[in-house]
Amino acid sequence: MMFDIFAFMRKGGGESKQVAKDRLRTVLMNDRVNMQLLEDIKYDIINVIKNYMEIDEENFSISIAQTANKATGVKTPVLFADFPIKKIYKN
Amino acid sequence: MTEIIVVTSGKGGVGKTTTSANLGTGLALAGKKVAMIDADIGLRNLDVIVGLENRIVYDLIDVVEGHCRLKQALIKDKRCDTLFLLPAAQTKDKDAINPEQMLKLCDALREEEFDYVIIDCPAGIEQGFRNAIAGADRAVVVTTPEVSAVRDADRIIGMLNANGLGSPKLILNRIRPQLVKKGDMMSVEDVSEILAVDILGIVPDDENIVVCANKGEPAVMSDKSPAGQAYRNIVQRIIGHEVPFMDLEKKEGFMGKLKKLFGS
């Protein structure tokens, strides 16, 4: 409690709010861009795959997740795309 | 007409359940007929916050699965006879119900002619969240002035928009005026600017909340609690009255006096 009181009275101290705001802006920009990015990738993948097979577009899911490499154990972001196949076209 | 409001946040521990309890109780104290729904299946908490944990016979899942009628499961509050609680099931998990069933439950609540239904949404963005928002007319997002909580709030706002619950309103919880003044906590203006949403209310950090939770009596019932006053203001705004935001500077009390004492 005493520590708090002195911190309160200290002149010119405490500007961490600006740091918080700056970090938040960056984080939110990434969050928002990533969601749109995934939507764009999903759209493009569907269009390519359509040439080879019929897929269940309703249940198509796409995500990026930190995944450890089986051999090295190093974690990297991996793009996962799950698309239930309805029918594969013959040539 | 019934208005169904879902209280969300994304991040856990920012005060969703406390907010739900206070809004529900506050609206009932303002003369409205209110049902509070605990949608956090498997982690029921709203019952203990409002002190009704000993009265539970049936729960939300019992109603959905047809083991009892809705009226049998609704627990009447011991202090306010227009306030009801529909508790969550404690032994099931979030997959025990789906959004369609929740929608039906909300329709049944509308037929009971409640003025307001407050749904306490679980943390997270998965099934529990989708269930909780399924039947809602509008959403309230609770956050605290911290980077992690605001980030999650942004995500939730995006998901609410995508699910037809556009323009949710924000409750900024646990504001500490001294820290804001010192530049060590984001202010209401900072958060509303970053999230680009309207503010429904600001709730100061208040020790009384701990005491209230211990007793099972929402702070909105206490005249001495600054947070209680903040919740009463929010209740008035929900009903449609214009109430200015609390002057948090005045609530400094102890710290303010000390500051004078030390002459700084």
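K.L.:
Help me understand the overall build of chain B in this model?
P.N.:
Across its full length, chain B carries 12 helices and 8 strands. A buried classification covers 53% of the 264 residues belonging to chain B. Contacts in chain B between residues at least 24 apart in sequence constitute 75% of all its contacts with a sequence separation of at least 6. If you average the places of the 33 positive and of the 38 negative side-chain charges in chain B, the two averages end up 5 Å apart.

K.L.:
Even after reading the chapter, I still don't get the pairing of strand E2 (residues 34–38) of chain B, so can you show me in this structure?
P.N.:
Here is the key point about a regular strand: its side chains alternate between the two faces of the sheet. Residue and element names in this part refer to chain B. Taken across its 5 residues, E2 has 5 buried, putting it largely inside the fold. What you see with E2 is no split at all: Val34, Met36 and Asp38 on one side and Ala35 and Ile37 on the other are buried throughout. Where E2 lies against strand E4 (residues 83–86), 4 bridges are found, and the strand directions are parallel. Its bridge partner lying in E4, Val34 is registered against Leu83. Two strands pair when backbone bridges link them, and E2 and strand E5 (residues 116–120) are joined in this way by 5 bridges, in the parallel orientation.

K.L.:
Explain the pattern of salt bridges to me, please; I cannot follow it from the model alone.
P.N.:
As a working rule, side chains carrying opposite charge can pair if their charged atoms are close by. Within this structure, the stated rule accounts for 15 salt bridges over all chains. Between Lys21(A) and Asp190(B) there is a salt bridge, with the nearest N and O atoms lying 2.9 Å from each other. Of this pair, Lys21(A) sits in helix H2 (residues 16–49) while Asp190(B) is found in helix H9 (residues 188–195), placing the two residues in two different chains. Given a relative accessible area of 8%, Lys21(A) falls into the buried group. In this structure, a network of salt bridges that share partners links the residues Lys17(A), Lys21(A), Arg25(A), Asp190(B) and Glu193(B).

K.L.:
Help me out: how do you make sense of the packing of H2(A) against helix H7 (residues 147–162) of chain B in this one?
P.N.:
Between two packed helices, the angle of one axis relative to the other and the distance separating the axes together describe the packing. Where H2(A) contacts H7(B), the two axes come as close as 10 Å, and the packing angle between them is 30°. Considered as vectors, H2(A) and H7(B) are oriented roughly parallel to each other. Here the hand of the crossing between H2(A) and H7(B) comes out right-handed. Every residue of H7(B) that contacts H2(A) at Ala20(A), Arg23(A), Leu24(A), Val27(A), Leu28(A), Asp31(A), Arg32(A) and Met35(A) is listed here: Val147(B), Val150(B), Arg151(B), Asp154(B) and Arg155(B).

K.L.:
Please explain the sheet that holds strand E1 (residues 3–8) of chain B as it appears in this structure.
P.N.:
Whether parallel or antiparallel, the strands of a sheet pair through hydrogen bonds between backbone atoms. Residue and element names in this part refer to chain B. Judged by pairing direction, the sheet is mixed, and its 8 strands sit side by side in the order E3-E4-E2-E5-E1-E6-E7-E8 without closing on themselves. The open sheet has two free edges, formed respectively by strand E3 (75–76) and strand E8 (199–204), since each of these has just one partner strand. Note: E1 against E5, 5 bridges, orientation parallel. Bridging from a neighbouring strand, Val7 pairs with Asp120 of E5. The sheet strands contacting H9 are strand E6 (138–143), strand E7 (169–175) and E8, and the helix crosses E7 at an angle near 145°. Packed on one face of the sheet, helix H11 (residues 226–239) meets E1, E5, E6, E7 and E8 and runs near 170° to E8.

K.L.:
Would you explain the nonpolar core in this entry?
P.N.:
The nonpolar side chains of soluble globular proteins are, as a tendency, buried together. Within the largest apolar cluster, 89 residues are counted, with the highest numbers of intra-cluster contacts made by Val6(B), Leu23(B), Ile37(B), Leu86(B), Leu109(B) and Ile119(B). The element best represented in this core is H7(B), accounting for 8 residues. Sequence-distant contacts of Leu109(B), defined by excluding residues within four places in its chain, comprise Thr2(B), Ala35(B), Ile37(B), Leu70(B), Leu74(B), Phe114(B) and Val117(B). Ranked by size, the runner-up nonpolar core spans 7 residues in total, among them Leu38(A), Ile49(A), Met53(A) and Ile55(A).

K.L.:
What's the story with the side chain of Asp59(B) in this structure? I'm lost.
P.N.:
All names here are of chain B. Looking at where Asp59 falls in the secondary structure, it is placed in the loop between helix H2 (46–49) and helix H3 (60–64). Of the side chains with opposite charge, Arg44 lies nearest to the buried Asp59, which makes no salt bridge, at 4.5 Å. Of note is the side chain of Asp59, whose polar atom sits 3.0 Å from the backbone nitrogen of Ile61. Asp59 has contacts with Arg44, Ala73, Leu86, Pro87, Ala88 and Ala89, leaving out every residue within four places of it along the chain.

K.L.:
Explanation requested: the packing of H7(B) against H9(B) in the structure shown.
P.N.:
Residues and elements named next belong to chain B. Contact geometry for H7 and H9: axes closest at 10 Å, N-to-C directions at 40°. What the angle tells us is that H7 and H9 run oblique. In the packing of H7 onto H9, the handedness of the crossing is right-handed. Contact with H7, carried on its side by Val150, Ala153, Asp154 and Ile157, involves Val191, Ile194 and Leu195 of H9 and no other residues of that element. Grouping the constituent residues of the contact of H7 with H9 by class yields 6 nonpolar, no polar and 1 charged.

K.L.:
Mind showing me how you'd approach the side chain of Ser20(B) here?
P.N.:
Residues and elements named next belong to chain B. If you trace the backbone, Ser20 turns up in helix H1 (residues 16–29). Judged by relative accessible area, Ser20 falls into the buried class, the value being 1%. Not counting residues up to four positions away in its chain, the partners in contact with Ser20 are Val7, Met36, Leu46, Ile118, Ile119 and Asp120.

K.L.:
Looking at this model, I keep getting lost on the packing of aromatic side chains. Mind explaining?
P.N.:
The relation between two aromatic rings is expressed through the spacing of the ring centres and the mutual angle of the planes. Across all of its chains, the model carries 2 aromatic pairs over all chains by this definition. Ring plane angle 15° and centroid distance 5.6 Å describe the contact between Phe60(A) and Phe83(A), whose orientation is recorded as stacked. With Phe60(A) in the loop between strand E1 (53–55) and strand E2 (61–68) and Phe83(A) in the loop between strand E3 (75–82) and strand E4 (85–88), this residue pair connects regions lying 23 residues apart in the sequence. We classify Phe60(A) as buried; its relative accessible area is 5%. Relative to Phe114(B), the ring of Phe84(B) has its centre 5.7 Å away and its plane inclined at 75°; by these criteria the two rings are edge-to-face. On the criterion of sequence distance, the pair formed by Phe84(B) in strand E4 and Phe114(B) in the loop between helix H5 (99–111) and E5 is long-range, its members being 30 residues apart. Judged by its relative accessible area of 3%, Phe114(B) falls in the buried class. One residue, Lys33(B), lies across the ring of Phe114(B), its end atom 4.7 Å from the ring centre.

Conventions adopted
- Sequence order as written defines the numbering, with residues in each chain counted from 1.
- Here chains are named by letter from A upward and ligands by number from 1 upward, in the order in which they appear as written.
- Two thresholds apply to this predicted model, a pLDDT of at least 70 for residue-level local features and 80 or more for giving and counting side-chain atom pairs, whereas whole-chain, interface and lining totals are computed over all residues.
- For side-chain calculations, the full set of non-hydrogen atoms in the structure is used, while hydrogens and water are omitted.
- In DSSP terms, a helix is any run of H or I states spanning at least four residues, a strand is any run of E spanning at least two, and both are numbered starting from the N terminus.
- Three labels apply to residues, based on accessible area from a 1.4 Å probe with only protein chains included: buried if under 20% of the type maximum, exposed if over 50%, partly exposed otherwise in between.
- Contacts are assigned to residue pairs with any non-hydrogen atoms lying within 4.5 Å of each other.
- Charge assignment: positive for Lys and Arg, negative for Asp and Glu; neither His nor the chain ends contribute.
- Charge positions come from single atoms, namely NZ of Lys, CZ of Arg, CG of Asp or CD of Glu.
- Two strands pair if DSSP finds at least two bridges between them.
- We define a salt bridge as a contact between a side-chain nitrogen of Lys or Arg and a carboxyl oxygen of Asp or Glu at a distance within 4 Å.
- With axes taken as lines fitted to C-alpha atoms, and helix axes fitted only over the stretch in contact, angles between N-to-C directions fall between 0 and 180 degrees.
- An angle counts as roughly parallel when it lies under 35 degrees, as roughly antiparallel when it exceeds 145, as roughly perpendicular when it falls between 65 and 115, and as oblique in every other case.
- We call a crossing left-handed when the near helix sits turned anticlockwise from the far one by less than a right angle, and right-handed when that turn is clockwise.
- In plain words, nonpolar cores are sets of buried Ala, Val, Leu, Ile, Met, Phe, Trp, Tyr and Cys residues tied together by side-chain atoms within 4.5 Å.
- Under this definition, polar contacts are N or O atom pairs within 3.5 Å; protein pairs additionally need one hydrogen-donor-capable and one acceptor-capable atom, and for neighbouring residues in sequence, both atoms have to be side-chain atoms.
- Gly falls in the polar group here, along with every residue not listed as nonpolar (Ala, Val, Leu, Ile, Met, Phe, Trp, Tyr, Cys, Pro) or charged (Asp, Glu, Lys, Arg).
- Whether two aromatic rings pair depends on their centres lying within 6.5 Å, for rings of Phe, Tyr and Trp, where Trp uses its six-membered ring; planes under 30 degrees apart make the pair stacked, over 60 edge-to-face, and the rest tilted.
- Sitting over a ring, as applied to charges here, requires NZ of Lys or CZ of Arg to be within 6 Å of the ring centre and within 35 degrees of the ring normal.

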